Amino acid sequence: MPKLKLDDLKKIKEQVLKDTSLRTGGATAKVTVHMGTCGIASGARQVMDALMDEVSQSDRQDIAVTTSGCIGLCSEEPIVTVELLNEEAIRYHFVDPNKMRQIFKRHILEGEVQDEFVMAKGSEHSN
Amino acid sequence: MLELSLHILDVVENALNAGASLIEIELEKDTARDILRLKISDNGSGIPKEMLSRVTDPFYTTRTTRRVGLGLSLLSQAAEQTGGSFKIDSVHGSGTKLVAEFGLSHIDRAPLGDMLGTLMSLIVGRPEVDIMYTQKIGSNEFVLDTREIKDELEGVSLSNPEVIKFLRKNLQEGLAELGSI
Ligand SMILES: Nc1ncnc2c1ncn2[C@@H]1O[C@H](COP(=O)(O)OP(=O)(O)O)[C@@H](O)[C@H]1O
Ligand SMILES: [Mg+2]
């Protein structure tokens, strides 16, 4: 029967704990992919996939990737919210895997908001 | 939804909205009886009895953000169009369990699709919830229990680059070794 190799996971943990004890730790970026029925039907899982792929290729351990439920803006899905430490939250709409990769590289890694895909900023959020 | 794995992601979303902390998903390919069986149970807030018969009605939803609820009606339709069945049972206050059976070789059965993507999205995207996933083919099975993974990680984030790589690789290998659905 196929089984997870938990020993490998232990090695990863030990390495991470060793690395982060030298730094302050904690997440400085949180990226949320909204996963309601409409989001899922319009490609939110593929967006999440692209996001996880970008994170795994970066060596950034301070990015938290999360999903959350429907926010009632079905016609603009997939929707992604990016929150960087000490910055206003940015919500992007009609995201696809390529846009997600661009948002990751330019906004999350380099701090440059991708205005062309922005739906709302900070207090403009309806939710 | 074009893939069963997307229905699974969507239906699990209901359980998350209901405050579940543990969600068990079982997918079984029963070639002898030509059935593909999906079971999902959660320990969320459950559905009151008087509402249970209406949850597969597309015009029934308790959400306030949109007036139609689609998830369960789409899944029950997807099952019934293959000569299968859909059942949902719930105890208000303690949880919900659904079983969908599909005609395995039926021409209208949606493919499973990217189950790896669905699992990765749930495990990484919802670190506060535990998922137990069992995939059975004949007498072989693959079991993934996020409680085991979290115990091993001792607080290291599931969004950690190395952890994501580990999960993807191991799940992919485990599911491939088991065989396709
Ligand atoms: N696992 C569950 N636990 C509690 N309530 C549920 C569950 N699944 C479905 N429901 C109830 O059934 C309703 C219909 O679900 P669904 O068809 O997925 O539509 P939607 O999620 O868009 O409302 C939900 O609004 C919710 O009240
Ligand atoms: Mg739903």
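Cut-offs and rules
- Residues numbered from 1 in each chain as written.
- Chains lettered and ligands numbered in written order.
- Predicted model: local features only at pLDDT ≥ 70, side-chain atom pairs only at ≥ 80, totals over all residues.
- Heavy atoms only, no water.
- Contact = heavy atoms within 4.5 Å.
- Salt bridge = Lys/Arg side-chain N within 4 Å of Asp/Glu carboxyl O.
- Polar contact = N/O pair within 3.5 Å; in protein donor to acceptor, adjacent residues only side chain to side chain.
- Helix = DSSP H or I, 4+ residues; strand = E, 2+ residues; numbered from the N terminus.
- Nonpolar A, V, L, I, M, F, W, Y, C, P; charged D, E, K, R; others polar.
- Near = heavy atom within 4 Å.
- Areas by Shrake-Rupley, 256 points an atom, 1.4 Å probe, with all protein chains shown as cover.
- Axes fitted to C-alpha atoms, helices over the stretch in contact; angles between N-to-C directions.
- Parallel < 35°, antiparallel > 145°, perpendicular 65-115°, else oblique.
- Left-handed = near helix turned anticlockwise from the far one by under 90°.
- Pairing = 2+ DSSP bridges.
- pLDDT = per-residue confidence, 0-100.
- Buried < 20%, exposed > 50% of the residue type's maximum accessible area, 1.4 Å probe, protein only.

1. Some thoughts on the interface of chain B and chain A
It is common to give the size of an interface as the accessible area lost on bringing the parts into contact.
Okay, so step 1: Contact residues are listed per partner, giving 46 residues for chain B and 39 residues for chain A.
Okay, so step 2: Taken together, the connections running from chain B to chain A amount to five salt bridges.
Okay, so step 3: For B:E154, the salt bridge is made with A:K13, and the minimal N-O distance between the two is 2.5 Å.
Okay, so step 4: Across the chain B-chain A interface, the total number found is 15 residue pairs in polar contact (both at pLDDT 80 or more).
Okay, so step 5: Of all elements in the fold, only helix 1 (4–17), helix 4 (115–125), strand 6 (140–145), helix 5 (146–153) and helix 6 (161–178) of chain B reach the threshold of two or more residues within the side of chain B that touches chain A.
Okay, so step 6: Examining the composition of the side of chain B that touches chain A, we find that 13 residues originate from one element, helix 6 of chain B, more than from any other.
Okay, so step 7: Looking at the side of chain B that touches chain A residue by residue, the classes come out as 17 nonpolar, 13 polar and 16 charged.

2. Topic: unusual backbone geometry
Residue and element names in this part refer to chain A.
Okay, so step 1: Between E77 and the following residue, P78, the backbone shows a cis peptide bond with an omega angle of -10 degrees.
Okay, so step 2: Along the chain, P78 falls in the loop between strand 2 (63–68) and strand 3 (80–84).
Okay, so step 3: Notably, N86 is not glycine yet its phi reads approximately 65 degrees, a positive angle.
Okay, so step 4: Looking at the secondary structure, you find N86 in the loop between strand 3 and strand 4 (90–92).

3. Some remarks on the site of ligand 1
Residue and element names in this part refer to chain B.
Okay, so step 1: Neighbouring residues of ligand 1: 17 residues in total, closest N14, D42, T61, T62 and L72.
Okay, so step 2: One of the backbone nitrogen or oxygen atoms of G71 is found 3.3 Å away from an oxygen atom of ligand 1.
Okay, so step 3: Within the contact set of ligand 1, an oxygen atom lies 2.8 Å away from a backbone nitrogen or oxygen of L72.
Okay, so step 4: Contact with the protein chains removes 92% of the 530 Å² of surface that ligand 1 exposes when unbound.
Okay, so step 5: Of all the elements in the fold, those that place two or more residues in the shell around ligand 1 are helix 1 and helix 3 (71–80).
Okay, so step 6: The residue inventory of the shell around ligand 1, partitioned by class, reads seven nonpolar, seven polar and three charged.

4. A short note on the packing of helix 3 (residues 44–57) of chain A against helix 4 of chain B
Okay, so step 1: Where helix 3 of chain A contacts helix 4 of chain B, the two axes come as close as 10 Å, and the packing angle between them is 65 degrees. Accordingly, the angle class assigned to the pair helix 3 of chain A and helix 4 of chain B is roughly perpendicular. In terms of crossing hand, the pair formed by helix 3 of chain A and helix 4 of chain B is left-handed. Across from A:R45, A:M48, A:D49 and A:M52 in helix 3 of chain A, the residues of helix 4 of chain B making contact are B:G117, B:T118, B:M120, B:S121, B:V124 and B:G125.
Okay, so step 2: Its residues assigned to classes, the contact of helix 3 of chain A with helix 4 of chain B comprises four nonpolar, four polar and two charged.

5. Concerning the sheet that holds strand 6 of chain B
Residue and element names in this part refer to chain B.
Okay, so step 1: In space, the six strands of this open sheet follow the order 3-4-2-1-5-6, with mixed pairing throughout. Strands at the two margins of the open sheet, each flanked by one partner only, are strand 3 (85–91) and strand 6. With direction set aside, neighbouring strand axes in the sheet form an average angle of 10 degrees.
Okay, so step 2: Taken together, the eight bridges between strand 2 (residues 35–42) and strand 4 (residues 95–103) define a ladder with antiparallel strand orientation. From the neighbouring strand, S41 faces strand 4, where its bridge partner is K97.
Okay, so step 3: Sheet contacts for helix 1: strand 1 (22–30), strand 2 and strand 4; angle to strand 2, the most-contacted strand, approximately 20 degrees.
Okay, so step 4: Helix 6 contacts strand 5 (130–137) and strand 6 of the sheet and is inclined by roughly 160 degrees relative to strand 6.

6. As for the confidence of the model for chain B
Okay, so step 1: Of all residues in chain B, 96% attain a pLDDT of 70 or more, and the chain-wide mean is 93.
Okay, so step 2: The ipTM assigned to the predicted complex is 0.93, against a pTM of 0.94.

7. Some remarks on the packing of helix 3 of chain A against helix 4 (residues 97–108) of chain A
Residue and element names in this part refer to chain A.
Okay, so step 1: Put simply, helix 3 and helix 4 touch, their axes get as near as 8 Å, and they point 35 degrees apart. When you trace helix 3 past helix 4, the crossing you get is right-handed. Across from Q46, V47, A50, L51, D53, E54, V55 and Q57 in helix 3, the residues of helix 4 making contact are P97, M100, R101, F104 and K105.

8. With respect to the pattern of salt bridges
Residues and elements named next belong to chain A.
Okay, so step 1: A complete count under the given rule lists 20 salt bridges over all chains for this structure.
Okay, so step 2: In this structure, E54 engages R101 in a salt bridge whose closest nitrogen and oxygen atoms are separated by 2.9 Å. Here E54, found in helix 3, pairs with R101, found in helix 4; they are 47 residues apart in sequence, far enough to count as distant.
Okay, so step 3: Of the residues examined, E54 reaches a relative accessible area of 5% and is grouped as buried.

9. What to know about the pairing of strand 1 of chain B
All names here are of chain B.
Okay, so step 1: Counting buried residues along strand 1, eight of its nine residues qualify, which places the element largely inside the surrounding structure.
Okay, so step 2: Bridge count between strand 1 and strand 5: eight bridges; the pairing is parallel. Considered in strand 5, the bridge of E24 is made with M132.
Okay, so step 3: Where strand 1 lies against strand 2, eight bridges are found, and the strand directions are antiparallel. Bridge pairing links L27 to L38 in strand 2.
Okay, so step 4: Adjacent in sequence and paired antiparallel, strand 1 and strand 2 are bridged by four residues, among which D34 carries a positive phi angle near 55 degrees.

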